[in-house]
Each structure stands twice: as C-alpha cells, then as structure tokens.
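Coordinate analysis (summary)
Okay, here's what each chain looks like letter by letter:
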Amino acid sequence: MDTETGKLKKNDVKNRIGKDPEANAYIYKNKFKTHLLNFVVLVIALIQLFPLVWLLFFSLKDNSEIFGENIVGLPRHFLWQNYADAFSQGNVGRYLLNSILVTGLTIIFSDILAVCASYAIARMRWKLRRATMVLFLMGIMVPLHAALLPLFLVLKSLKLYNTIWALIVPYTAFTLSMGIFIFVGFMQSLPKELEESALIDGCTIYRAFFSIILPLVKPAIATVSIFTYLSAWNELMFAIQFVSKPELKTLTVGIMAMVGQYSTKWGPIGAGLVIATIPTLVIYILMSNQVQKSFITGAVKG
Amino acid sequence: MEKVLGDKKAICIFVLPALLVFLVIVVTPVFMSGYYSLLDWDGIGKSTFTGFDNYIKLFTDSSGFAKSIGNSFILAGLSIFIQLPIAMVLALILAQGIKWENFCRTVYFIPVIISTVVIGQLWRKVYHYDYGLLNSLLKGIGLENLQQEWLGSTSTALMSVLAPIIWQYIGYHMLLFYSAAKSVPGELYEAAMLDGASGFKTSIHITIPLIRPMINVCITYSLIGSLKVFDLIYVLTNGGPVHSTEVPSTLMFNTIFARYQYGFGSSMAIFIIVECLLLTIIIQRLFRSDNTAN
C-alpha cells in the first residue's frame, strides 16, 4: 500500500512546500489526519489495556490502598506478599499445576487424534471420507451446553467424575473438530506427489505418514495446539461441573473458589488472577504473530 | 499405490480413535439431551415421558426463558451494530499502515486470549460500588451523581455485563477484518490514490466491498457467539438480579444443577442448539441472495 506512487506524490508535494499554499494546506491536513488516527488507535489500545494494568496494580497493593487511599494509581509499595498468600493460602499453585496437566495432556491427545484422522481424510482414498469430514465439521457448531448433562451422567457412571480425565477426555473430543478442520485444510494444500513416489518405491503408508507428512505439518500443529491450549485453559462450564474435589480444580474454577474465600482481600485475589494469566501472556508475547495467525486460520472457513 | 492409499486397515487405524471419541463424547450426548428434553425428571427419581411439554413450558411458565433469549439477542444486536463497526474502523486504520500498526494489533488482541473468568473477576472489581475503577473515575471527574451499583441494580446490570463482552472481543473481529483488508491487492489502492481518492473513500468504496465475505463471517460469529454466551455472565452476575441478566446458557445451567430439573434444562440445551443451527442457515441464505443481487 505504501507504494511508489504514494511516495512520489508526497515528494512532489514536498518540492512545492513554501511556494504553493495549496501544497502547504495538503501537508498540514495530512499531518493532522495522521496524528488524529494515531491518537485514536492509541486511546483504544489504552482502553483495552487499562483494566489489565489496573489488575496488576491492585495485585500488589494492600487493602488500605485498594479501599480508598489509592484506588487507581501505581502501588506505593510493591506488596509481593499477596502473591505468596495466593500460593500458600489460596492454593493457586495446585490449580496452576492442574491446569498445566489438563491442558498439556489435552493438547497431546487432541493433536495426535486429529492429525491421524486428518491424514486419512485428506490423503487416503475411501468412500466415506467426505461424510466423515462433514460429521467432524458439524462438531464445530455443537456448543458445549448440548453435552453438559449427558456427559456429567456418563462420567459419573464410568467413575471418571472427579478425576482429571473428566476434563481431559471432553476437552480432547470437543477440540477435535477444529483440529481436523485445520489439519485437513493444510494437508490438502501439500502436493500429492510427495508420498506417491515414496509409496511406489514400496514405502508403507505408516512410514509415509510419519517421515514425509508429519514433519511438513508442524506449522499446523502449532496452530492447532494454540487453539486447544486456549480452549482448555480458559474453559469454565465443564470445569465447574465435572470436578468438585478442591485438589483437582483447574485455575478457572479455583479462582472462583478463591474469590469466595477471600471476598474482602483483593490483593491476593488479584495476584491469583495475574498468576492465571501469566502463562497465556508469555505464550502470546513469545509468538503473538503465530497466535493471531491461528485465529485467522480458524475463522476462514465461515 | 491405489491399494496402499485405499488400505482399509490403515484407514481404520488412523480414523477410528478420533471418530470413536468424537461419537461418544460429542455426538451421542446431543441425542441423549434430545431424549432427556422429553422427560419430566429430577435426576434421582423415576422419569416420566411428557413429550413436548417441556418445550411448551419454555415459553409459558415463569422460568424467564423468553427473557433470557431476549437478552441474548440484545447482546447480538450490540455486538453487530457497535462492536463490529468499532472493530472495522480500527482494522481499516491499522491496515493503512500507520506507525503503531503492529503494536496496536497485538494489544487489541490481548483481552481475547485471557480467560473469561479472569476478565469477569476483574470487571466485578471495576464495577464495585465503593472501590471500583468505574465509580472512582466518575468521582475523579466530578460526576459522583452517575455512580451506580452497576451489577446490583436491575436497570444497569444488563448493560454492565454486556459491556465487558463487547470490550473483550473487539480485538478478535478487528484482527479478522484487518487480515482481510491486508489481503486486498495493493494495485487497487494505487489506482484509487492516482484518482485522488482519500483513505476514507478508498475504505468505503474498495476495502469494505472486497472484504464482504469476512464481514459475513464476523456477523455470523457475533450472532452465534451471543446466543451461546455463558462464562462472563456466570462469573459477573449468574443471571441476576431477578433474571435481569439471564441468558439461555446460565438459565439452563441453573435449571439443571441448582434446581435439578434435568428434563426441562435439557429442553433449553436443545433449544439453544436448534436456534444456533437455524440462524446460521438463515443468515448464510441471506448473505448468498445478497451477493447474487449485487
């Protein structure tokens, strides 16, 4: 967009500065407009960030600051004790570990199941592959609500209720659709000749999958894993209902419990909220472009 | 090679594990919900088959289901007519290639990825009457009389729970619009510039028509997302006070797990699925006929 014509035009105007009132007006108008646009986008950025910054601030304050003396501003003393309290009394460490375990295993299972199924759907030849694909894609439309009660009853009867599997299995199943959608799209864009020549040379289908296709779909694995991470890490409805033992709660539910327990001490609550957010923020800061690309890929089917 | 690629055993090994998990955990429960929705059942005692009574009850008794549907459509309206235009304007500004392009795009997206529970708890504190950010700011600029019990009063609660939802997902739609605007071929902008069109005019006449497919996607997502919303409202008000912020999902959740009306709650779940499916189909039809008319 910043094309040569654009620059040429600007240079043209620059040459005429001072001589030509019309050119002066053009420059001022454009400068004003650029400043205005910059101002607008930065104000919005501030609105998007400010509540989060405020959270960080009050997670480091004591009650006298939070409740009156200094509601909005920077903490006067950084009260790291809030974070220690969140870990020692608020159980946040436990919740954090549970979330990491549940999310990590969900990502592994979901990736493995989805990538295998996608390989057969995208690159092998069988009659029902289109129907199978459509079935999986319909899963993107099914809201968690629909399965909530039946799953709850099934998990209870299978004695999985109140184990971490009560979360891992449903999370894996509900992220399969998106995973398969992304993997199939990606695999179909790879040239067919890739494994064909290998297969003609007598390579087995499994070897073709593991040593030819799998290394090539790494970018898609990143995309799918990011999606799975966010949906498992942030999930609330299943997490409230399928696990009730305190020692098994994940962060989303744990935080709710902690808020109940600490209702008047905002400092440790804030610390808990910050701790729950840090892993996501770290991932985002390290690979913000990849995360954004995942969301674009995930939306582009319409 | 045909034989290798059509190897039934290999296909089963690749597909069956995913298919089984999917059928058992996602597909079967939908049908079970469908069956439960025809029962009068408290989950413990015996169930009686009551046919479509639960569905009739949805709109005739005082459960507040009709109101919850209304609220979810208010959210959809706000999302489509306020959130999407804001996201669109931001995307068009950023896509023009201004100085803060990457920084802003990255920042706008942060609320999208943060857990709704964190966002919800944070906004509870923002709305707190005595020590919340909002009332403090109002006091700071001398507008004490506007201070409110934001989440506690039936007149302000609904808007107060919907605002954070709008706030959280602006960055999501902005990113989708932005990526679409960036993929418009540069020559089109050059041609427009040569003709002396301003950035504003270029956006209206070139970018927006060309990214119509993405606009359709975003409208669909906003609508369906609004009908399914749960987390943030559960955390902020759980539907209260007096159902004023109730949405179908919170009502379903509480009907099942707080009031043990398994059958009635299931009919709400089925209603939500059918509603989402039907509206998706209708909206796609509308867009299609719209496109052919142009």
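Higher on the page you've got the structure.
Read on for an overview of the structure.

Things to note about the overall build of chain B
- Of the regular secondary structure elements, chain B holds 14 helices and two strands.
- Its C-alpha radius of gyration of 24 Å places chain B more than 25% over the 19 Å reference for a compact globule of 294 residues.
- Expressed along its principal axes, the backbone C-alpha trace of chain B runs to roughly 75 × 75 × 40 Å.
- For chain B, with 294 residues in total, the buried portion stands at 55%.
- Counted over contacts in chain B with a minimum sequence separation of 6, partners at least 24 positions apart contribute 67%.
- Accessible surface for chain B amounts to roughly 13,000 Å². Of this, 66% is attributable to carbon and sulfur atoms.
- Put simply, chain B has 18 plus and 17 minus side-chain charges, and the middle of one group is 4 Å from the middle of the other.

Here we look at the nonpolar core
- By size, the foremost hydrophobic cluster in this structure holds 198 residues, and its most contacted members are A:M124 and B:F177.
- Not counting chain neighbours up to four residues away, the residues in contact with A:M124 comprise A:Y119, A:R129, A:I205, B:V4, B:L5, B:D7, B:A10, B:I11 and B:F14.

Some points on the interface of chain A and chain B
- The interface of chain A with chain B comprises 93 residues on the first partner and 96 residues on the second.
- Summed over the shared surface of chain A and chain B, the number is 14 residue pairs in polar contact (both at pLDDT 80 or more).
- Top element by residues in the side of chain A that touches chain B is helix α2 (residues 21–58) of chain A. It accounts for 16 residues.
- Along the lines of polarity and charge, the residues of the side of chain A that touches chain B split into 67 nonpolar, 20 polar and six charged.

Examining unusual backbone geometry
- Going from B:G240 to B:P241, the amide bond is cis rather than trans, its omega being -15°.
- Residue position: B:P241 is located in the loop between α12 (231–236) and α13 (248–257).
- Backbone geometry at A:K159 places phi at a positive 60°, although glycine is not the residue there.
- When you line up the elements, A:K159 lands in the loop between α7 (145–157) and α8 (165–188).
- In the Ramachandran plot, B:V242 falls in the positive-phi region, its phi being about 40° despite a non-glycine side chain.
- One can find B:V242 in the loop between α12 and α13.

Rules used throughout
Residues numbered from 1 in each chain as written. Chains lettered and ligands numbered in written order. Predicted model: local features only at pLDDT ≥ 70, side-chain atom pairs only at ≥ 80, totals over all residues. Heavy atoms only, no water. Helix = DSSP H or I, 4+ residues; strand = E, 2+ residues; numbered from the N terminus. Rg over C-alpha atoms; globule rule 2.2 N^0.38 Å. Buried < 20%, exposed > 50% of the residue type's maximum accessible area, 1.4 Å probe, protein only. Contact = heavy atoms within 4.5 Å. Areas by Shrake-Rupley, 256 points an atom, 1.4 Å probe, with all protein chains shown as cover. Lys, Arg positive; Asp, Glu negative; His and termini not counted. Charge placed at Lys NZ, Arg CZ, Asp CG, Glu CD. Core = buried A, V, L, I, M, F, W, Y, C linked by side-chain atoms within 4.5 Å. Polar contact = N/O pair within 3.5 Å; in protein donor to acceptor, adjacent residues only side chain to side chain. Nonpolar A, V, L, I, M, F, W, Y, C, P; charged D, E, K, R; others polar.

Scope: geometric values only; no functional claims are made or implied.
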